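Examination of the molecular architecture
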Amino acid sequence: MGPDHRGTPDLTAIVRVVPDVPSFAVDDGFAYAVPDGLSVGVGDIVRIPLGGRRVRGWVVGPAEPPEARRIRSLIGRSGEVAVFDAALLDTLRWTAQHYVAPLATVLAKATPPNLPKGRRRPAPNAALRSEPTGSVSVHAAPAPWGPLVRETAAPLLGDGHSVVVVAPTWPEAEALIDDLGDRGLPIVVGSSHLSAAVLTRSWVEAATVPGRLIIGTRDVAWWLPPSLGAAIVLDDGRRGLKEKAMPTVHARDLLLRRSRTEGFAAIVTGAVPTPESLAAAGTVVRAGRAWGLVEVVDRGAAEAGDGTFARATAAAIRAAVADGRRVFVLTHRRGGAQRCARCRLLRRCGQCEAAPGTGATCERCGAVNGACAGCGGERFEPLSGGIPRLVAEVGRLVGEQRVGDRGDGRAVTVGTERDLVGLTVDLAVVPDADGFVMAPNYRAAEDGLRTIARAVLSAGSGGGRRAVVQTLQPDHPAIKALRRGDAIEFLGDEGRRRAALGFPPGGEVMVVEASGLPAERRSQLGEVIGGRAVVHGPTVVDDTARWYVQGPDLGAAKVVVRPLVGEWREAGVRIRLDADPIDL
Ligand SMILES: [Zn+2]
Ligand SMILES: [Zn+2]
């Protein structure tokens, strides 16, 4: 018996190895004999002969000797530290199925960039006092998250358990480390922002030294400490937690799955968590308002006036600048809402109710964008504009030398969601809240509330700090939640509304994109899926066919899509597959 994690025995006869080849064809791995004098265990990186080459691979378990074929031997072990154990491997196999990725691609995600050298992974201390659990809880609270992390981690670290904390962005991971202060906490940082050498060193420390507080970006969700007591996911609705490239893994979902199979506590926190985390949570903790008071300006009211900024909003911006205060004006990355130029009614898609964009058809559902539903008018005006237009408009209010992009050091900054990380101002202004909560996306209301709440939080509260949000629909559920400073009830309603439409978390969705697929093969996806799920599409733009696949549970559909994707790839078709897409 070797010293591997959780008492996994060393395998000394014949082992199954998945080669590091990004292909579904090697998912099952191959049997190799372990040479005399070498002992390997589950999760060890090894070198193997494969088709006349030497490649890297991972040991996934024992194997039977193959019949009628001479068995080849491993060449050797690479590095000392196993990348996964049997329990994590179970989640990695699930990940490969759920995100329709080759198992080798997923195993590579869990592996540090350089060879993990050091001592072997220690067995957990059997005398650990606090027993980890598989519980999931949501704490509705904004940053700073130092107190929650410290409170959760302290008793676990003291007992030799490690704790993993995943932040949406690297600056937020750094801010958390600052917030925790220098209190002798055994912090290990992990992120692909670090060099390969530093990242590997951190990975090895996290994997071999018990009782570490592991803080980083989504990369650390894959790490396996000797004993994991808890995982904390910060602001789980943010894009940074989901991989953009395939496999499009969401760090929260990876950790929720791990918490069930490995038996540790999962904690999700954020001012506006997600219907997904709430659906998984056994406990929801809220402590008062999650953000400060918001002045909601009804742009439909007579006294609001015309133009991008209502009179009250313009006055707030002028007063703040006159006081030498800093102002942030939040706009959309693209799009935004419009209203009828004649009757001023907010423009909605007649079919899906989204802000339908300025084209001939709705950006979300493709329905024809008709005339105004109120008066039949055909001219519409945007409720906000891109950064250049807003900079010009604010310039007319306070003088153009006082307004610019973030980083200009001007009194007023105009920016988008990406400028919110680490932002602190005295006045936050959202000229077009409707463009956020009605964006052409099934998650728009939730996501819009989250983004607006982050802008509000950037202005803090008290000491004359304010947040002004303009809307044409003050009774929209997201705007009501914004006023209350509490998203939980709204998110519960959102979850139920989405479930009724078959969207996550009440249903599953997957987007499949294929470029270079011959037209006569486009029917294959629907044919293999059959009655296992509903296949919408394809819509074809240039050379790319796009489907979305929907059902209460796509597990069975993914099983049959897997070989088809493999076949298409072999034929040179470029595939992008996004399970649980964030933008749809
Ligand atoms: Zn109208
Ligand atoms: Zn629509």
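Preceding block: the structure.
Residues numbered from 1 in each chain as written. Chains lettered and ligands numbered in written order. Predicted model: local features only at pLDDT ≥ 70, side-chain atom pairs only at ≥ 80, totals over all residues. Heavy atoms only, no water.

1. Some thoughts on the overall build of the protein chain
- The number of helices and strands found in the protein chain is 15 helices and 24 strands.
- A compact globule built from 584 residues would reach a C-alpha radius of gyration of about 25 Å, and the protein chain, at 26 Å, matches this within 12%.
- Oriented by its inertia axes, the alpha-carbon framework of the protein chain measures out at about 85 × 65 × 40 Å.
- For the protein chain, the proportion of its 584 residues judged to be buried stands at 56%.
- Residue pairs at least 24 apart in sequence account for 76% of intrachain contacts in the protein chain once pairs closer than 6 positions are excluded.
- As presented, the protein chain carries roughly 24,000 Å² of accessible surface, and 51% of it is formed by carbon and sulfur atoms.
- The positive charge centre, built from 72 side chains, and the negative charge centre, built from 65, are 2 Å apart in the protein chain. (Helix = DSSP H or I, 4+ residues; strand = E, 2+ residues; numbered from the N terminus. Rg over C-alpha atoms; globule rule 2.2 N^0.38 Å. Buried < 20%, exposed > 50% of the residue type's maximum accessible area, 1.4 Å probe, protein only. Contact = heavy atoms within 4.5 Å. Areas by Shrake-Rupley, 256 points an atom, 1.4 Å probe, with all protein chains shown as cover. Lys, Arg positive; Asp, Glu negative; His and termini not counted. Charge placed at Lys NZ, Arg CZ, Asp CG, Glu CD.)

2. Section: the packing of aromatic side chains
- One pass over the structure, following the stated rule, counts three aromatic pairs.
- For the ring pair Trp-94 and Tyr-99, a centre distance of 6.3 Å and an interplane angle of 85° mean the geometry is edge-to-face.
- For Trp-94, a relative accessible area of 22% puts it in the partly exposed group.
- Taking NZ or CZ as reference, Arg-347 lies 3.7 Å from the ring centre of Phe-380, over its face. (Phe/Tyr/Trp six-rings, centres within 6.5 Å; stacked < 30°, edge-to-face > 60°. Lys NZ or Arg CZ within 6 Å of the ring centre and 35° of its normal.)

3. Looking at the coordination of the zinc ion (ligand 2)
- For the zinc ion (ligand 2), the protein coordination sphere consists of Cys-349 (SG), Cys-352 (SG), Cys-362 (SG) and Cys-365 (SG), at 2.2 to 2.4 Å.
- For the zinc ion (ligand 2), the four donor atoms are set out with angles of 100 to 116° between them, so the coordination reads as tetrahedral.
- All donor residues of the zinc ion (ligand 2) come from one chain, and their arrangement in sequence is C-x2-C-x9-C-x2-C. (Donors = N, O, S within 2.8 Å, 3.2 Å for Na, K, Ca; no water. Tetrahedral: all angles 85-135°; square planar, octahedral: opposite > 155°, others 65-115°.)

4. So, the nonpolar core
- Grouped together as the largest cluster of nonpolar side chains are 90 residues, with contacts concentrated most on Phe-84, Leu-107, Trp-223, Trp-291, Leu-449 and Ile-452.
- If one sorts the elements of this core by residue count, helix H11 (residues 444-458) sits on top with six residues.
- The residues contacting Leu-449, other than those within four sequence positions of it, are Val-272, Trp-291, Val-437, Ala-444, Ala-478, Ala-481, Leu-482, Ala-487 and Phe-490.
- Grouped together as the second largest cluster of nonpolar side chains are 22 residues, Val-297, Leu-390, Val-394 and Val-468 included. (Core = buried A, V, L, I, M, F, W, Y, C linked by side-chain atoms within 4.5 Å.)

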